[in-house]
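Coordinate analysis (summary)
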Amino acid sequence: MTEAVLALEHVSKFFGTVIALRDVSIAAKAGEVLCLLGDNGAGKSTLIKTLSGVHKPSEGKILIDGTPVILDSPRDALDRGIATVFQDLATVPLMSIARNFFMGREPTTGKGPFRRLDWDYMCETTRKEMKDLGIDVRDPTQAVGTLSGGERQCLAIARAVHFGARVLILDEPTSALGVHQASVVLRIIVRARARGLAVIFITHNVHHAYPVADEFTILNRGRSIGTFHKSDVSRDAVLEMMAGGKELVDLEAELKAASAA
Amino acid sequence: MNHQDVPATPAVPIESSTSAAMLARRDERVRKVSRWRQLMVRPEMGAIAGTILVFIFFLIVAGDSGMFSAKGMVNFLEVSAQLGILAAIAALLMIGGEFDLSVGSMIAFSSMVIAIPSIVWGWPLWACILLAFALSALVGFINGLIVVRTGLPSFIVTLAGLFVLRGLTLALTRGITNRTQVSGINELVATDPIGHFFSGVVFENFFQWMGKMGWIATRPDGLPLAQGMPVSVLWWIGLTAFATWILLRTRFGNWIFATGGDPVAARNVGVPVARVKILLFMAMAMTGTLFAAIQVLDSGSADTLRGTQKEFEAIIAVVVGGTLLTGGYGSAVGASFGALIFGTVQMGIFYTGVDTDWFKVFLGIMVLVAVLFNNYVRKRVTGSR
Ligand SMILES: Nc1ncnc2c1ncn2[C@@H]1O[C@H](COP(=O)(O)OP(=O)(O)O)[C@@H](O)[C@H]1O
Ligand SMILES: [Mg+2]
């Protein structure tokens, strides 16, 4: 069995009296996509925030390459090659696209007191990486506040793909995207996996989850119900495990019965 | 390269240079508008326009009052410069999402840290100045640490600092000297190795030459009335240029915008938000010391009342300069124009002989207008989404 690049062992996270995660263990392996499923409020975002250094676990351990680590900050996680697309995207509306893209990891040129932002490189790279996601950036100096929700989501994804050297974490990255853009993102996930990255992917859409996932971990009310290999579960089984999946199947049956009557 | 067409979507004003590579591959969806329209959404535009209006106004009503003689101009430039020094760094702090109400008291505190040891205890002046800088760095560090650790608004944290520092200054000064004023520093400046960084004038030869040419007024002995440019003006220009460089062209500048724009987002993508804020508070407090050093060495005395209300004047200059009170957007150049408006109007009212009480009325109204205008610009920049 391949060793996990990034793993949680018996992690709990409490916010005051709220138990957001309880005794959860997961493992993301190089060259594999781990899909996190679960209802709203199940603790998925809390889990990935723990993995990306935003929250410190209240109990349990974070392991990188099998070694216990303490992630002090998101910067610490990024330095270790863990890049995340947060559900709220973590973009600053008043700043330009290029400034947002490199926020926290700005390239510089020149030495000593003349060290300055490598502005040309920033604009070029932003355009190129966004183009890979099918977004033609009109003007990298345009404020992010003027972008559409989908464009902003693509910016956050492009940024994480650019900086994620080892682990790529995506929290509902396709929620604001059209069919075409969503498939582009799925392709990006597959490409990252082929490059040997470990990918953790959260989505409510079975059509997005099933094609790219290697494993599924299901969270329910802060606990992990189990992890399944793709070969062990069918698409319908995954749908049933997903948020509201059961209801959807039932509804379909109900409607069928109604129209037959 | 055609410079007349520039991207039309309200470009984020903080990027002035458009790279050649970018222009070459311009998207057809970018509507072309005039350079004028693009300039209009830069944060400092309001202040620059305001400066022009103020100058035109006083040229008309006070053109022959001596306000625009060399001596008069040096006067209002000096007033503007002292505030502008504070405003340049206050702009960075406000763009970073915070402000410092304690800086006025910091000025008084630093004045006494410079004056008491040098006059009462006979320390060398340069050592006192360095001590004042070190202490203000410490106070700034504490301000910043409390703000980032507690998450309390800097308004309340530095309001506490405003009273604590002023009270401490009064208590210590009275305790040590039995007075609230310490004078006699003039004698120390001439022989001090760093005294001239903070006092006196520069370009004296140039001013004398202008006097000889008959361009500026001279005294009976042939020397010009305005002997030179006060060093504070150089500090003002230098600090504004420095702050602008930091904001627009450095990594730290990007962190300042990010920290003020959305601290949570900034932290999540790896910006060391706490470090940025603490450094900005330290820079602000140390700028208070610079202001104190300039005033004390220039006037030769320190007073426990020094710096009163400077915290508000600095905020006014910054806001008039187009910086959003809520952070994330603004400019140091704007702040320095804000300070220039402030200084010009203050001296202008003096020269026109209008009751100076009207200056406060003017200030209040100007702030309100500036905030409304900034709000409008912000909506344009973010596409009011
Ligand atoms: N910072 C926080 N403070 C308090 N409660 C929180 C915080 N973050 C998340 N929670 C709670 O933890 C639970 C899990 O939230 P979250 O991880 O966002 O769920 P999901 O992403 O699966 O929808 C929710 O009940 C939420 O209210
Ligand atoms: Mg979530």
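Report on the accompanying structure. All residue numbers here refer to positions counted from 1 along the written sequence of the relevant chain. As a convention, the first chain written is A and the first ligand written is 1, with the rest following in written order. Two thresholds apply to this predicted model, a pLDDT of at least 70 for residue-level local features and 80 or more for giving and counting side-chain atom pairs, whereas whole-chain, interface and lining totals are computed over all residues. Heavy atoms from the whole structure form the basis of all side-chain values; hydrogens and water molecules are not counted.

On to the packing of aromatic side chains. Any two rings among Phe, Tyr and Trp, with Trp reduced to its six-membered ring, count as a pair given centres within 6.5 Å; such a pair is stacked if its planes are under 30 degrees apart, edge-to-face if over 60, and tilted if neither. Here the structure, examined in full by the defined rule, presents 18 aromatic pairs over all chains. Taking the centre distance of 6.2 Å and the plane angle of 50° together, the rings of Phe101 of chain A and Phe163 of chain A count as tilted. Of the two residues, Phe101 of chain A sits in helix H3 (residues 97-101) while Phe163 of chain A sits in helix H5 (residues 149-163), which places them 62 residues apart along the sequence. The buried label goes to any residue with under 20% of its type's maximum accessible area, the exposed label to any with over 50%, and the partly exposed label to all in between, with areas taken from a 1.4 Å probe on protein chains only. Judged by relative accessible area, Phe163 of chain A falls into the buried class, the value being 18%. Both rings, one in Phe57 of chain B and one in Phe58 of chain B, keep their centres 5.1 Å apart while their planes meet at 80°; by these two values the pair is edge-to-face. Among the residues examined, Phe57 of chain B registers a relative accessible area of 47% and is labelled partly exposed. By way of ring pairs, the aromatic residues Phe101, Phe102, Tyr121 and Phe163 of chain A are connected into one cluster. Taking NZ or CZ as reference, Lys230 of chain A lies 5.1 Å from the ring centre of Tyr210 of chain A, over its face. A helix here means a DSSP run of H or I that spans at least four residues, while a strand means a run of E at least two residues long, and both kinds are numbered starting from the N terminus. In this analysis the charged atom, NZ for Lys or CZ for Arg, is taken to sit over a ring once it is within 6 Å of the ring centre and within 35 degrees of the ring normal.

Residues and elements named next belong to chain A. Around ligand 1, the neighbouring residues are Phe15, Ala20, Asp39, Asn40, Gly41, Ala42, Gly43, Lys44, Ser45 and Thr46. N or O atoms closer than or at 3.5 Å make up a polar contact, with two conditions inside protein: a donor-capable atom paired with an acceptor-capable one, and, for residues adjacent in sequence, both atoms drawn from side chains. Between ligand 1 and the protein, one listed contact pairs an oxygen atom with a backbone N or O atom of Lys44 at 2.8 Å. In the environment of ligand 1, an oxygen atom lies 2.7 Å from a nitrogen or oxygen atom belonging to the side chain of Ser45. Calculation of accessible area relied on Shrake-Rupley with a 1.4 Å probe; when residues are assessed, cover is drawn exclusively from the protein chains displayed. Compared with its free state, where it exposes 560 Å², ligand 1 has 60% of that area covered by protein. At 3 residues, the largest contribution of residues to the shell around ligand 1 is made by helix H1 (residues 44-51). Amino acids are sorted into nonpolar (Ala, Val, Leu, Ile, Met, Phe, Trp, Tyr, Cys and Pro), charged (Asp, Glu, Lys and Arg) and polar (every other residue, Gly among them). The class makeup of the residues in the shell around ligand 1 is 3 nonpolar, 5 polar and 2 charged. Put simply, a residue is near a molecule or strand once any heavy atom of it comes within 4 Å of that molecule or strand.

Moving on, we come to the packing of helix H11 (residues 251-261) of chain B against helix H13 (residues 273-299) of chain B. Residues and elements named next belong to chain B. Only the stretch in contact is used when a helix axis is fitted, and all axes are lines through C-alpha atoms; the angle between N-to-C directions ranges over 0 to 180 degrees. Axis separation between H11 and H13 bottoms out at 10 Å; the angle between their running directions is 100°. Between H11 and H13, the crossing angle belongs to the class labelled roughly perpendicular. Facing Phe252, Trp255, Ile256 and Thr259 of H11, the residues of H13 in contact are Val273, Arg275, Val276, Lys277, Leu279 and Leu280. An angle counts as roughly parallel when it lies under 35 degrees, as roughly antiparallel when it exceeds 145, as roughly perpendicular when it falls between 65 and 115, and as oblique in every other case. Throughout, a contact is declared for two residues whenever any of their heavy atoms are within 4.5 Å.

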